[in-house]
Amino acid sequence: MSKSLAVWMYLRHQKKNAEDKVPIYVRVTIDGDYEDFSLSKRVNPADWSQAKQKCTGKTQEAVLINSKIAKIRGDLTTLFDRFPVQEVVKAKHLINLYHGADLEKDQQLKKDSQYHQRVLAIIDQYLALKNRQKKALAKPNAIPHPDRLAEEFDALIRSIEEFLQQSRTWMDDQVVDKTLMDAQYTFLLKFLYKVLKGTASHETFRKWVSTKNTFLPFCNTDTGWRINP
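Residues numbered from 1 in each chain as written. Predicted model: local features only at pLDDT ≥ 70, side-chain atom pairs only at ≥ 80, totals over all residues. Heavy atoms only, no water.

Asks: I'd love a proper account of the pattern of salt bridges, names of residues and values included.
Replies: Considering all chains together, one arrives at six salt bridges under this definition. Here arginine 132 and glutamate 152 are joined by a salt bridge, their closest N and O atoms 2.8 Å apart. Residue arginine 132 is located in helix 4 (residues 115–138), and its partner glutamate 152 is located in helix 5 (residues 146–171); the two are separated by 20 residues in the primary sequence. Overall, arginine 132 belongs to the partly exposed group, its relative accessible area being 30%. (Salt bridge = Lys/Arg side-chain N within 4 Å of Asp/Glu carboxyl O. Helix = DSSP H or I, 4+ residues; strand = E, 2+ residues; numbered from the N terminus. Buried < 20%, exposed > 50% of the residue type's maximum accessible area, 1.4 Å probe, protein only.)

Asks: Hey, could you go over the sheet that holds strand 3 (residues 33–43) for me, with residue numbers and the actual values?
Replies: Read from one edge of the open sheet, three strands run 1-2-3, paired in antiparallel fashion. If you trace the sheet from one side to the other, it starts and ends with strand 1 (5–11) and strand 3, each paired once. Averaged over all adjacent pairs, the angle separating strand axes in this sheet is 20 degrees, with direction ignored. As judged from the eight bridges shared by strand 2 (residues 22–30) and strand 3, these two strands associate in the antiparallel manner. Opposite valine 22, over in strand 3, you have valine 43 as the bridge partner. Across the sheet, helix 1 (residues 60–81) touches strand 1, strand 2 and strand 3, and the angle it forms with strand 3 is around 155 degrees. Sitting on the sheet, helix 2 (residues 91–98) touches strand 1, strand 2 and strand 3, and the angle it makes with strand 3 is about 40 degrees. (Pairing = 2+ DSSP bridges. Axes fitted to C-alpha atoms, helices over the stretch in contact; angles between N-to-C directions. Contact = heavy atoms within 4.5 Å.)

Asks: Which residues make up the nonpolar core, and what values do they have?
Replies: Counting residues in hydrophobic clusters, the biggest one holds 28 residues, and the most contacted among them are Tyr126, Ile160, Leu192, Leu196 and Phe205. Of all the elements in the fold, those that place two or more residues in this core are helix 4, helix 5, helix 6 (180–197) and helix 7 (202–219). At nine residues, the largest contribution of residues to this core is made by helix 4. Residues Val7, Ile30, Ile72 and Phe80 belong to the second largest nonpolar core, which totals 25 residues. (Core = buried A, V, L, I, M, F, W, Y, C linked by side-chain atoms within 4.5 Å.)

Asks: Please give an account of the packing of helix 1 against helix 2 that cites residues and values.
Replies: Two numbers describe how helix 1 lies on helix 2: the axes approach to 10 Å, and their chain directions differ by 115 degrees. Between helix 1 and helix 2 lies a crossing of right-handed hand. Listed contacts from helix 2 to Ile72, Asp75, Leu76, Leu79 and Phe80 of helix 1 are Leu94, Leu97 and Tyr98. (Left-handed = near helix turned anticlockwise from the far one by under 90°.)

Asks: Give a description of unusual backbone geometry that names residues and reports values.
Replies: It is generally the case that most residues other than glycine have a negative phi and that most peptide bonds are trans. The phi dihedral of aspartate 20 falls on the positive side, at around 65 degrees, and the residue is not glycine. Here aspartate 20 shows up in the loop between strand 1 and strand 2. At glutamine 53, a residue that is not glycine, the phi angle is positive and equals roughly 55 degrees. Looking at the element boundaries, glutamine 53 is found in the loop between strand 4 (48–49) and strand 5 (54–55). For glutamine 53, a relative accessible area of 11% gives the class buried.

Asks: With reference to specific residues and values, describe the confidence of the model for the chain.
Replies: Considering every residue of the chain, the mean pLDDT works out to 83; 84% of them sit at 70 or more. Contacts from residues 221–229, a stretch scored under 50 in pLDDT, to residues over four places away or in other chains number 31 contacts. (pLDDT = per-residue confidence, 0-100.)

Asks: Can you break down the packing of aromatic side chains residue by residue, with the values?
Replies: Counted under the stated rule, the structure contains seven aromatic pairs. Note on tyrosine 115 and phenylalanine 163: the rings are 5.5 Å apart at their centroids and 20 degrees apart in plane angle, and the pair reads as stacked. Linking tyrosine 115 in helix 4 with phenylalanine 163 in helix 5, this pair joins segments that are 48 residues apart in sequence. Phenylalanine 163 matches tyrosine 115 in its accessibility class, with the two residues each being buried. Ring-pair connections join several aromatic residues into one group, and the members of that group are Tyr126, Phe187, Phe191, Phe205 and Trp208. (Phe/Tyr/Trp six-rings, centres within 6.5 Å; stacked < 30°, edge-to-face > 60°.)

Structure follows, in structure tokens:
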């Protein structure tokens with residue numbers, strides 16, 4: 001639940017240009033969460049009042065800057081007030097709305113819509129390898145050769161590493177909405193990686209898969225799978 005919005009203007013002195021002017025930045029803070037963006041205007045520090053957060057001069061440029069500051073405050077406040085009281089709003093989300101970003105479309109582009117299915121495919125591949133490994137152990141002279149199985153397990157490890165790296169681009173983005181099942185699939189994939197690296201057991205992984213399947217009827221977002229190896 002987001003309760004308070006604060007819009008603060010300040011000068012970023014470390015970005016002074018050749019004319020000794022510095023850019024004005026806007027800080028948007030919502031319940032302690034904040035993000036900054038540039039006002040796209042510069043001012044001489046001598047013509048700026050930090051206490052009043054506006055230009056002190058009477059020039060046309062100063063008037064235009066102050067007018068833009070007032071408009072930004074009003075627009076951000078209006079956007080913030082449109083959200084339901086019970087909804088949690090992030091500062092970055094509000095800024096993107098102010099700049100006219102289509103957040104829903106942006107999230108769709110960032111988020112892997114096939115994420116669950118791709119994780120399922122990796123786990124199915126692992127289970128198939130485990131089944132073949134089990135048969136190979138029961139019949140040492142059977143095909144495939146153990147060395148070939150080991151190569152396939154190594155290839156699977158590399159695939160998981162690459163996939164996890166790709167998924168971080170949206171999993172770590174606070175603007176992109178994530179679900180409980182997104183977290184569950186990520187946990188399973190990371191746990192499987194530990195199994196393949198020898199730091200976790202296959203049997204424990206089976207139990208986590210069963211736990212995941214127990215959640216599914218309450219989420220209505222996916223399908224489960226059975227494990228036999």
